[in-house]
Structure formats: C-alpha cells, structure tokens
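# Chain and residue survey
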Amino acid sequence: MPLRTARFFLFLLAPAFAAGCFLGKDLKEVLAEHRAPVEAKLAKVKALKEQARALPAVSSDVVHVAGGPAPVLSFSGGTVGVNAAIAYLEDLDNLAELGNVPYRAAATGTINRCASVLATHREPYDAAHPQLSPPSMSSYRADDVLELCEALRYLLVVRSLAFVEPSDPRTSTTCSPFDAGVEDGGAADAGTCHRFGGGYLKADVLVFDVESGRHLGGFAFVAESSAMVDVTDDGANVKGEIAGNFHRNIEEALKTAARKALPGLPIED
C-alpha cells in the first residue's frame, strides 16, 4: 500500500477509535439511568408477595396469558426479548437479598440483583451461603440486569412444598455396576460403590402479570436425584457430584414444566 494511502486510512480510523473509548458508562451513570423505572417495577413485584404466599396450592397446570406479549424466559443469561423472571417465594421477603434456598435454579435471582445493585452496588447477599461476601457488580453487568427488570412483564414465583436434601455418600460393597439400587446410586469399582439417599423437591410455580398484579395461573413440578450418578474415578468429590446431579435435575424439571404449562414458551437455553 502506498504511504499516502496508508496515512489516509489511519486518519479515518482515529476518530472512530477515540469515540469508542468514551462509549462505556460507569456504574454511577448506569444506576442513574435505570433507577426510577426499575424501582417502580420492584414496587410492583413487592406488592405480589402476600398474594403469592396466600394462594392455594396449584391443582392444575394452567396459565392464561391474554392481552399482553408472550412470556420469554432465559435459562442461559440471555437478555434479548426476555420479559419474564423467576423468583422463589423466599426471595420476596427482602428484594435486595436472595432467600435461603438450597440448590437454587440458576435462572432465578434477577429481581434481587436489581434491588441489590441499586442499594449496595453489589451482587445480592445469599442466605444459603452466608460465608460468601457478595462481589461488586460491574457497570456492564448492572446495565444488563437492570434492563431485564425494566422489561419485566411476568414473574414466576416458585414455592417449595416438600424438600429432602441428598444424604452424604457412604462406601458400600453390596452393589455392583448391575445392582446399584433403585433409590440410591453410585459408581461401582471392583465390587464397591458409593450409596446415598436421593434428593427430592416438590414445588409449584405461580405466574403473575407484574403490570396488573393479576395471577395468571400456575404449574407444579417434581425433581429427584438420578438413581445412579456417575462420579470421577478417584471419587474425590462424590458429594459434590451428587449435589450437582440433583441441581441439574431441578433445573430441567422446572424448565420442562414451564414449557408444558405455557406451550410455545420461548426459553433461551
């Protein structure tokens, strides 16, 4: 390329690069931009708490959505078109904190993140993990989270009705790869395996229109540990792998039940 052309090309790039350096917003600017509309939305969410607590258990998996846009959920952290969020009933007690919910589905907590970053500039305190200090939230993450709360139209509230945590694993010589038991499971090696009492969760999910405060219906789901769980050869973290299996099964059961109750529900995987 001739020198004259090269200089001209660099001259054209310089303003674009300089402009790009100033496009980012700091956290203070992000909070100021979103605070008023998000606080208004959080007030509507807070007003749903007592209704969610008082409604009877779901008896049929039916949700009626009429006169509004179709609900769109994200289980992968996506934001495009998402207008629905999932929260546990415990999360509504203090919107700036996560309730004490073991084996929490990863798709939950958006509401609490919005309230927390507005109040503390941090991720929400998690009552299920009190030993962890909430990290600060970057301006980029805050922008995404607060945009989700601004766009919120539907709230799905999970109410746990029965819960049993998986038991600690124990080594056994009474099982083999062909006889792992029907209630417990594990990985067998040379006639030994790890056996455990499986986890169990029964819950229902209430669906609300946040704008009107109307209860639109709900659905129930049940999740259990798998009968057999594959673990690493050295068995160094058997308890963690059992917990991970139960956690994944909860998320899959919730996702499947949501799709069944809301046919055609777009869910970002």
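Heads up: these notes are all about the structure in this document.

What counts and how
Per chain, the residues get numbers from 1 upward, laid out in the order the sequence is written. At least 70 in pLDDT is required for a residue's local features to be given in this predicted model, at least 80 for side-chain atom pairs to be given and counted, and no such filter applies to totals for whole chains, interfaces and linings, which use all residues. The side-chain quantities take in all heavy atoms of the structure and omit both hydrogens and water. Aromatic pairing here means that ring centres of Phe, Tyr or Trp (its six-membered ring) are within 6.5 Å. Orientation follows from the plane angle: under 30 degrees is stacked, over 60 is edge-to-face, and everything else is tilted. Working definition: helices are DSSP H or I runs of at least four residues, strands are E runs of at least two. Numbering for both runs from the N terminus. Exposure is judged per residue with a 1.4 Å probe applied to protein chains only, and the accessible area is read against the type maximum: over 50% gives exposed, under 20% gives buried, and values in between give partly exposed. Placement of a positive charge over a ring is assigned whenever Lys NZ or Arg CZ falls within 6 Å of the ring centre and within 35 degrees of the normal to the ring plane. Only the stretch in contact is used when fitting a helix axis, every axis being a line fitted to C-alpha atoms; angles between N-to-C directions are given from 0 to 180 degrees. The labels follow the angle: roughly parallel below 35 degrees, roughly antiparallel above 145, roughly perpendicular from 65 to 115, and oblique for the rest. Rotating anticlockwise by less than a right angle from the far helix to the near helix defines a left-handed crossing, while the corresponding clockwise rotation defines a right-handed one. Should any heavy atoms of two residues lie within 4.5 Å, those residues are counted as being in contact.

### Considering the packing of aromatic side chains
- Applying the stated criterion across every chain yields a total of 3 aromatic pairs.
- Between Y103 and F246, the ring centres sit 5.0 Å apart and the planes meet at 65°, which makes this aromatic pair edge-to-face. Of this pair, Y103 sits in the loop between strand 4 (97–98) and helix 4 (110–120) while F246 sits in helix 6 (residues 238–261), placing them 143 residues apart in sequence.
- Since its relative accessible area comes to 16%, Y103 is described here as buried.
- F246 gets classed as buried once you look at its relative accessible area, which sits at 0%.
- Ring-pair connections join several aromatic residues into one group, and the members of that group are Y103, F163 and F246.
- If you follow K255 out to its NZ or CZ, it ends over the ring of F75, 5.1 Å from the centre.

### Observations concerning the packing of helix 4 against helix 5 (residues 139–150)
- Relative orientation of the contacting elements helix 4 and helix 5 amounts to 120°, with a least axis distance of 9 Å. When the axis of helix 4 is compared with that of helix 5, the two are oblique. At the point where helix 4 passes helix 5, the crossing takes the left-handed sense. Contacts between helix 4 and helix 5 involve T110, I111, R113, C114, V117 and L118 on the former and, on the latter, R141, A142, V145, L146, L148 and C149.

### As for the environment of G77
- Summarising the element assignment, G77 is placed in the loop between strand 2 (73–74) and strand 3 (84–88).
- In this structure the C-alpha to C-alpha distance between G77 and A106, which are 29 residues apart in sequence, comes to 8.9 Å.

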